[in-house]
Amino acid sequence: MPGIGYGKAILFGEHFVVYGMPGIAASIELNTTCTYEKKVSGGITANDLVTGETINYGEDKAKKLGQVIQVILRETGIKEKNFRLKLSTNMSLMGGMGSSAALGVSILSCLNKEFSLGIDDKRINEITFEVEKVFHSSPSGIDNTVSTFGGMLWFKKGAANTVEQLQIPEPVRIVLIDTGIINDTAELIAKVRKQKEENPKEFEKIFASYSELALKAKNEVEKADWKKVGSLMNKNQELLRRIGVSSSQLEKIIEASLESGALGAKLTGAGVGGNAIALTPEKELQEKVSKKCSALGFKTFKVTAGIKP
Ligand code: PMV
């Protein structure tokens, strides 16, 4: 029985969540699946993710995949040593879609069924947080939480994380647009931290503006007032520029999306490379934004945000 781990899009708060401010993220239908096959000998093998054509998952993914499996065996106590995991995904692996968290959830869900481990979502989430640490040293926990529980989540890191399901009438259409450039989340978190240390006053102001914006965003998401949500996403993007995680490619995508009528557009995830998100509640608008960005040479994903697995 395959295990599925869903991807995510951050609507508000990437990087800010690392410092304990709240964020809003939603699961999307793009996912990673993991299937199990028993082998009589030869140890554990797992393929790199397959995305249509075979692609290496990040630069030293083979090594990381091995580490991920070690973490999962350690945390679940699985003793079986001969099996093969087949992993495939339809997500972008450039960053921003939560592919590492989806990888963890897909493997864990698969092994949970195969070995009748009886672990619940809370535990899957905890173990996937350990998997996230293999990829980026100090994750906030937002990606594994969304991949595990799905929906539209309000998330705040803390001694115990605050996780709240925001009720929306139905998942909202978005376009995810891939810059085609791999981002390195750990490196970008470190870059922001350094800038914060060098400009404490400026960051204090930015953080205060973001905190205010996040509360407004929660309120508008709950009302499903997508026009206002879009406008707040644009304001979030301004703050992301100020902390130094935008790039010319992302700006090109954002400009094209807004020109095509997207209600809001910003980077999603760690930034610089990775993906951008455009808010496009109407089907025609989603199509229009996707076409425009495709015409500029970017790969686009027309999905809905807030699906429940
Ligand atoms: O690009 P991603 O999917 O790794 O998103 C990272 C979001 C950050 O806020 C930058 C990091 C984190 O762990 O919250």
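Since the structure is predicted, the reported quantities are computational estimates derived from the model, not experimental observations.

1. Remarks on the pattern of salt bridges
Consideration 1: Under the criterion given, the structure shown has 18 salt bridges.
Consideration 2: Ionic pairing is found between Lys38 and Glu80, a salt bridge with its closest N-O pair at 3.2 Å. Note that Lys38 is positioned in strand β2 (residues 23-38) and Glu80 in the loop between α1 (61-76) and β6 (83-89), a separation of 42 residues in sequence.

2. A short note on the layout of surface pockets
Consideration 1: In this structure, the second largest pocket encloses a volume near 210 Å³.
Consideration 2: Around the second largest pocket, the lining residues are Lys122, Asn125, Glu126, Phe129, Ser140, Gly141, Asn144, Thr145, Phe149, Asn161 and Val163.
Consideration 3: At the level of secondary structure, the elements contributing two or more residues to the lining of the second largest pocket comprise α3 (121-135) and α4 (142-149).
Consideration 4: At 4 residues, the largest contribution of residues to the lining of the second largest pocket is made by α3.
Consideration 5: Grouping the constituent residues of the lining of the second largest pocket by class yields 3 nonpolar, 6 polar and 2 charged.

3. Quick word on unusual backbone geometry
Consideration 1: Residues other than glycine seldom take positive phi values, yet His15 does so here, at roughly 70°.
Consideration 2: Within the element layout of this structure, His15 appears in the loop between β1 (3-12) and β2.
Consideration 3: Unlike most non-glycine residues, Ser116 shows phi in positive territory, near 45°.
Consideration 4: Within the fold, Ser116 resides in the loop between α2 (99-114) and α3.

What counts as what
Residues numbered from 1 in each chain as written. Predicted model: local features only at pLDDT ≥ 70, side-chain atom pairs only at ≥ 80, totals over all residues. Heavy atoms only, no water. Salt bridge = Lys/Arg side-chain N within 4 Å of Asp/Glu carboxyl O. Helix = DSSP H or I, 4+ residues; strand = E, 2+ residues; numbered from the N terminus. 1 Å grid on protein atoms, 1.4 Å probe; cavity = no way out; pocket = protein on both sides within 12 Å on 5 of 7 lines; lining within 4 Å. Points joined across faces, edges and corners; volume = space filled by probe spheres on them. Nonpolar A, V, L, I, M, F, W, Y, C, P; charged D, E, K, R; others polar.

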